Amino acid sequence: MVSRSTAMSIPAFAACRNLICGTVAQLSIQRSRGGEIVPPGYLLTQPDPDSALGAVIEWTVDDILLHGEAAWLVIARDGVSTRELPNGYPVRARRLPPGSWSPVWGDNLGQYRRLEGYEVSGTIVDVQDIIRFEAGHEGILRYGARALRSIFDLELASDRMVAADLPAGILTNEGAELGPDEAQELVESFVAARKTNSIAFLQGLSYETPSVRSAVDLQMSEARGIAATMISRMFNVPVPMIGAAPTGNGTSLTYASVLQSWSAFTKQAVGPVLVALEQGFQQPHVSPRGQKVTFGVEAFLRSDPESAAQYATSLLAAGIIDTEEARSFLGIPERGQTRVDKTPGVV
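The sections below set out a description of the structure shown in this document. On a predicted model such as this, the values are computed, not experimentally measured, just so you know.

### Quick look at the pattern of salt bridges
Argument step 1. Per the stated rule, a full pass over the model turns up 10 salt bridges.
Argument step 2. The partner of R95 in a salt bridge is D63, and the shortest N-O contact between them spans 2.7 Å. On the criterion of sequence distance, the pair formed by R95 in strand β4 (residues 90-95) and D63 in helix α3 (residues 53-67) is long-range, its members being 32 residues apart.
Argument step 3. Note on R95: relative accessible area 22%, which makes it partly exposed.

### Remarks on a negative patch on the surface
Argument step 1. On the surface, a cluster of negative charge is contributed by D181, E182, E185 and E188.
Argument step 2. Mapped onto the secondary structure, D181 falls in helix α6 (residues 180-196).
Argument step 3. Look at D181 and you get exposed, because its relative accessible area is 67%.

### What to know about the nonpolar core
Argument step 1. The biggest cluster of nonpolar side chains holds 48 residues, and the ones touching the most others in it are F13, L148 and F235.
Argument step 2. The element contributing the most residues to this core is helix α8 (residues 255-281), with eight residues.
Argument step 3. Each residue touching F235, except ones within four places of it in the same chain, is listed here: F13, C16, R17, I20, L65, L66, I140 and A269.
Argument step 4. By size, the runner-up hydrophobic cluster in this structure holds nine residues, among which are L96, L115, Y118 and V127.

### Quick look at the side chain of R132
Argument step 1. When you line up the elements, R132 lands in strand β8 (residues 130-134).
Argument step 2. A polar atom in the side chain of R132 sits 2.9 Å from the side chain of E69.
Argument step 3. If we ignore the near neighbours within four places in the chain, the residues touching R132 are E69, A70, A71, W101, P103, W105, Y118, G280 and Q283.

### Things to note about the side chain of R31
Argument step 1. With respect to the secondary-structure elements, R31 resides in strand β1 (residues 28-33).
Argument step 2. Lacking a salt bridge, the buried R31 has D78 as its closest oppositely charged neighbour, with an N-O distance of 8.8 Å.
Argument step 3. Of note is the side chain of R31, whose polar atom sits 3.1 Å from the side chain of Q291.
Argument step 4. Here R31 is in contact with E36, I37, V38, P39, P40, L44, S287, P288, Q291, K292 and V293, once residues within four sequence places are set aside.

### Looking at the packing of aromatic side chains
Argument step 1. Under the defined criterion, the tally for this structure stands at five aromatic pairs.
Argument step 2. When the ring of W72 is compared with that of F133, the centres are 5.4 Å apart and the planes differ by 70 degrees; the resulting orientation is edge-to-face. Linking W72 in strand β3 (residues 69-77) with F133 in strand β8, this pair joins segments that are 61 residues apart in sequence. F133 matches W72 in its accessibility class, with the two residues each being buried.
Argument step 3. Grouping aromatic residues by their ring pairs yields a cluster made of W72, F133 and F281.
Argument step 4. Positioned above the aromatic ring of W59, the side-chain terminus of R17 is 5.5 Å from the ring centre.
Argument step 5. Here the basic side chain of R92 rests over the ring of Y42, its NZ or CZ set 4.2 Å away from the ring centre.

### Re the sheet that holds strand β11 (residues 291-296)
Argument step 1. Reading across the sheet, the three strands line up as β2-β1-β11 and stay open at both edges, with antiparallel pairing between neighbours. In the strand order of this sheet, the two ends are held by β2 (36-38) and β11, each with one partner. Averaged over all adjacent pairs, the angle separating strand axes in this sheet is 45 degrees, with direction ignored.
Argument step 2. Of the pairings in the sheet, the one linking β1 to β11 comprises six bridges and is antiparallel in character. Bridge assignment links Q30 to a residue of β11, and that residue is T294.

### Quick word on helix α2 (residues 11-26)
Argument step 1. Compared with the 22 Å implied by 1.5 Å per residue over 16 residues, the 22 Å span of α2 between its first and last C-alpha is a close match.
Argument step 2. The complete set of buried residues in α2 reads A12, F13, A14, C16, R17, I20, C21, G22, T23 and V24.

### Section: the pairing of β3
Argument step 1. Of the pairings in the sheet, the one linking β3 to β8 comprises five bridges and is antiparallel in character. Within β8, the position partnered with A71 by the bridge is R132.
Argument step 2. Two strands pair when backbone bridges link them, and β3 and β4 are joined in this way by five bridges, in the antiparallel orientation. Residue W72 lies in a different strand from β4, and its bridge partner there is R95.

Procedures and definitions
Residues numbered from 1 in each chain as written. Predicted model: local features only at pLDDT ≥ 70, side-chain atom pairs only at ≥ 80, totals over all residues. Heavy atoms only, no water. Salt bridge = Lys/Arg side-chain N within 4 Å of Asp/Glu carboxyl O. Helix = DSSP H or I, 4+ residues; strand = E, 2+ residues; numbered from the N terminus. Buried < 20%, exposed > 50% of the residue type's maximum accessible area, 1.4 Å probe, protein only. Patch = residues over 30% accessible without salt bridge, like charges linked within 9 Å, V, L, I, M, F, W, Y side chains within 5 Å. Areas by Shrake-Rupley, 256 points an atom, 1.4 Å probe, with all protein chains shown as cover. Lys, Arg positive; Asp, Glu negative; His and termini not counted. Charge placed at Lys NZ, Arg CZ, Asp CG, Glu CD. Core = buried A, V, L, I, M, F, W, Y, C linked by side-chain atoms within 4.5 Å. Contact = heavy atoms within 4.5 Å. Polar contact = N/O pair within 3.5 Å; in protein donor to acceptor, adjacent residues only side chain to side chain. Phe/Tyr/Trp six-rings, centres within 6.5 Å; stacked < 30°, edge-to-face > 60°. Lys NZ or Arg CZ within 6 Å of the ring centre and 35° of its normal. Pairing = 2+ DSSP bridges. Axes fitted to C-alpha atoms, helices over the stretch in contact; angles between N-to-C directions. Expected span 1.5 Å × (residues − 1).

And the structure:
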């Protein structure tokens, strides 16, 4: 397994992580029952009194991606007692850092419920006091460890080439042996003469320009491009979205490919994370029966006009929304109304 700090020092890895986490953190969270929107409550607006919702969500997504799971510790409840939850449903919770918690399983594989609780910093906590989000995989830091180590070594090799101070030329003494002071004086006189004369005369000396193998000669540039492609595939992020290309060389984007990339990014990279979060919030000990928690991708789709239009028209054709609702979703004012400029300072 590779450490998070090592992986985040790789530019392509950090780009993919920030792209997914930042996108999910921008989405609104809705709670509904039977198709009607209900108040989300503190758990979905500011679960941790010490942190903003966006930061908590972003770090939770980070845990899901890199470690395959995340957990929140319930720190307050609504007090509405039920048979299953004497103290009510959670209203406040705090994210637990990876490594600070672990599930406690029973030994009997035939037992109906094997999960007996959680160990949090050496203390056993009841199952109902933990909100767990599962990704269904062991995390990129584990299943991508071999590739990440190789890519990190490539970055170190590139840094060494940049930091190496190579000489512009080499003087070789082919005559009598010189002392340190004589050699230093000879080199200084040679350098001074080159500033005023374009032709050098060497007696008992030979001069050569060292053959330096560049990063291009060592195929480092191409290897770093391929490495960026490998990391994109680990995150299911379309390669062009981080400035890389499937071949490891330069990439060019057209308007059509940008739309396709955003659509693929939403389905392949963001979609599985949203499923893990929504299912975590809909557990019986977290939300009342019949309530659903969803992340609103509408605002995200509006940044892609073509996908947004297709989404709205498909809902309209299915009879789920009417024409005015479709116009509202696309940000188009109702018929007979004019668009109001809400820019501050504009009258």
